[in-house]
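Observations on the model geometry
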Amino acid sequence: MNNDSFLIIRPFNAVFCCILGVLILILIIASIALRKKSIETRKKVLVIASILTLIGFVIYKIALSQDPEFDELRKGLGMGGFNWWGELPLQLCNINMILIPIAVLLDKRELLAFCFFVGPLGAMMALSMPGVEFNGFSILLPRMLGYYGTHFLIVIEGLAVATFGLYKPKFRDLPKIVLTILIITFVIFMINMGMRWSGLYPNANYFYSVETEGNFVLELFHSFLPYPFLYLLPCVLILVPYMLVVTLGFYIGDRIKAKKEN
């Protein structure tokens, strides 16, 4: 047994839950501490946190480029070894990582809504169903720190958009979010196909829109719709109920608060 075997991380094991629990606790404490601060201060804190996450993401990708084990695991999946064209910030979580500080600085409701709903959900799905190269290894490995660190922080920062009081969900926001995610997914699919057709990166698979790569949920969808891009459409069946439940919770909270004030 390796001396760091107790630090092995898998979805929802003790290490996973401890890290997530600590980060949620930090989010709660920060949200309470910032409650009476100005809106500009709250924005500044979230933007700085997001920029640090982005810097960490770059360092993580550099470390990944020097990880021979990652190369072998990827080759075993038939996806080839490390390739910078395959590590661009074009995955759903990466896009949210970049959008969060932009949404906060521009104070655009549509962007804030997208980041709040899609960021945490997408990052949690990635954390719950990691590829084999990110499952069952010590959290101390650079690629594991990078993968879990960036995804955990995207969850927390996406939630902070609401807990910091920068955005409050409304039912009217939901159709625009669904339309936006569909458009973005199709654009990314076309980028994948462009990379593949041009030979720039034959294994391009951002958003998992061309190949499922063993993801059991996508494998299920693929069994019903065995076509690239189209098998992602049932994901809306996860996104929409999630958004409805979360928005309903905020709606009920507002109604209760209004009754107490009256």
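Note: the structure precedes this text.
Every value quoted in this text rests on a predicted model; they were computed, and no experiment measured them. (Residues numbered from 1 in each chain as written. Predicted model: local features only at pLDDT ≥ 70, side-chain atom pairs only at ≥ 80, totals over all residues. Heavy atoms only, no water.)

1. So, the side chain of Asn205
In this structure, Asn205 sits in the loop between helix 7 (174–198) and helix 8 (216–224). Side-chain polar atoms of Asn205 contact the backbone nitrogen of Val210, separated by 2.9 Å. Reaching out from Asn205, the side chain makes a polar contact with the side chain of Glu213 at a distance of 2.7 Å. Non-local contacts of Asn205, meaning those with residues more than four positions away in its chain, are made with Met79, Gln91, Asn192, Arg196, Val210, Glu211 and Glu213. (Helix = DSSP H or I, 4+ residues; strand = E, 2+ residues; numbered from the N terminus. Polar contact = N/O pair within 3.5 Å; in protein donor to acceptor, adjacent residues only side chain to side chain. Contact = heavy atoms within 4.5 Å.)

2. Re the environment of Gln66
Mapped onto the secondary structure, Gln66 falls in the loop between helix 2 (39–64) and helix 3 (68–76). Overall, Gln66 belongs to the exposed group, its relative accessible area being 63%. (Buried < 20%, exposed > 50% of the residue type's maximum accessible area, 1.4 Å probe, protein only.)

3. A short note on the packing of helix 5 (residues 109–128) against helix 6 (residues 142–163)
A pair of packed helices is captured by two measures, namely the crossing angle of their axes and the spacing between those axes. Between helix 5 and helix 6, the least distance of the axes is 8 Å, while the angle of their chain directions is 150°. Taken as axis vectors, helix 5 and helix 6 run roughly antiparallel relative to one another. Pair helix 5 / helix 6 crosses with left-handed handedness. Here Leu112, Cys115, Phe116, Gly119, Pro120, Ala123, Met124, Ala126 and Leu127 of helix 5 come into contact with helix 6, specifically with Tyr147, Tyr148, His151, Phe152, Ile154, Val155, Gly158, Leu159, Val161 and Ala162. Split into classes, the residues belonging to the contact of helix 5 with helix 6 amount to 16 nonpolar, 3 polar and no charged. (Axes fitted to C-alpha atoms, helices over the stretch in contact; angles between N-to-C directions. Parallel < 35°, antiparallel > 145°, perpendicular 65-115°, else oblique. Left-handed = near helix turned anticlockwise from the far one by under 90°. Nonpolar A, V, L, I, M, F, W, Y, C, P; charged D, E, K, R; others polar.)

4. Quick notes on the side chain of Glu133
Within the secondary structure layout, Glu133 lies in the loop between helix 5 and strand 2 (137–138). Within the structure, the side chain of Glu133 is placed 3.3 Å from the side chain of Arg74, a separation counted as a polar contact. Those residues in contact with Glu133, other than ones at most four positions away along the chain, are Phe70, Leu73, Arg74, Leu77, Arg143 and Met144.

5. Description of the environment of Gly81
Inspection of the secondary structure puts Gly81 in the loop between helix 3 and helix 4 (92–106). Apart from the residues lying within four places of it in its own chain, the contact partners of Gly81 are Asp71, Arg74 and Lys75.

6. Notes on helix 7
Between its first and last C-alpha, helix 7 extends 36 Å over 25 residues, near the 36 Å set by a 1.5 Å rise per residue. Inspection of helix 7 places Leu174, Ile177, Val178, Ile181, Thr185, Ile188, Phe189, Asn192, Met193 and Met195 among the buried residues, and these make up the whole buried set. Along its buried surface, helix 7 packs onto helix 4, helix 5 and helix 9 (236–261). Downstream of helix 7 by a residue or two, Gly199 has a phi angle that is positive, lying close to 80°. (Expected span 1.5 Å × (residues − 1).)

7. Examining the packing of aromatic side chains
Applying the stated criterion across every chain, the model contains 19 aromatic pairs. Look at Phe16 and Tyr148: their rings are 6.5 Å apart centre to centre, the planes differ by 90°, and that puts the pair in the edge-to-face class. Remark: Tyr148 occurs in helix 6 and Phe16 occurs in helix 1 (residues 14–33); sequence separation between them is 132 residues. Pairing Phe116 with Phe117 gives two aromatic rings, centres 5.0 Å apart and planes at 70°, and the pair type is edge-to-face. Like Phe116, the residue Phe117 is buried in the burial classification. In textbook terms, an aromatic cluster arises when at least three aromatic residues are bridged by ring pairs, as seen for Phe12, Phe16, Phe70, Phe82, Trp84, Phe134, Tyr147, Tyr148 and Phe152. The ring centre of Phe137 lies 4.5 Å from the NZ or CZ of Arg143, which sits over that ring. (Phe/Tyr/Trp six-rings, centres within 6.5 Å; stacked < 30°, edge-to-face > 60°. Lys NZ or Arg CZ within 6 Å of the ring centre and 35° of its normal.)

8. Section: the pattern of salt bridges
Considering all chains together, one arrives at 9 salt bridges under this definition. The salt bridge involving Arg143 is made with Glu69; its shortest N-O contact spans 3.0 Å. Of this pair, Arg143 sits in helix 6 while Glu69 sits in helix 3, placing them 74 residues apart in sequence. Judged by relative accessible area, Arg143 falls into the buried class, the value being 1%. (Salt bridge = Lys/Arg side-chain N within 4 Å of Asp/Glu carboxyl O.)

9. As for the nonpolar core
Among the nonpolar cores identified, the biggest contains 62 residues, and Ile9, Leu46, Phe117, Phe134, Tyr148, Phe152 and Ile177 are the most heavily contacted of them. Elements supplying a minimum of two residues to this core: helix 1, helix 2, helix 4, helix 5, helix 6, helix 7 and helix 9. At 11 residues, the largest contribution of residues to this core is made by helix 5. Counting residues in hydrophobic clusters, the runner-up holds 6 residues, among them Val217, Leu218, Tyr231 and Leu232. (Core = buried A, V, L, I, M, F, W, Y, C linked by side-chain atoms within 4.5 Å.)

Coordinates in, geometry out; function isn't part of it.
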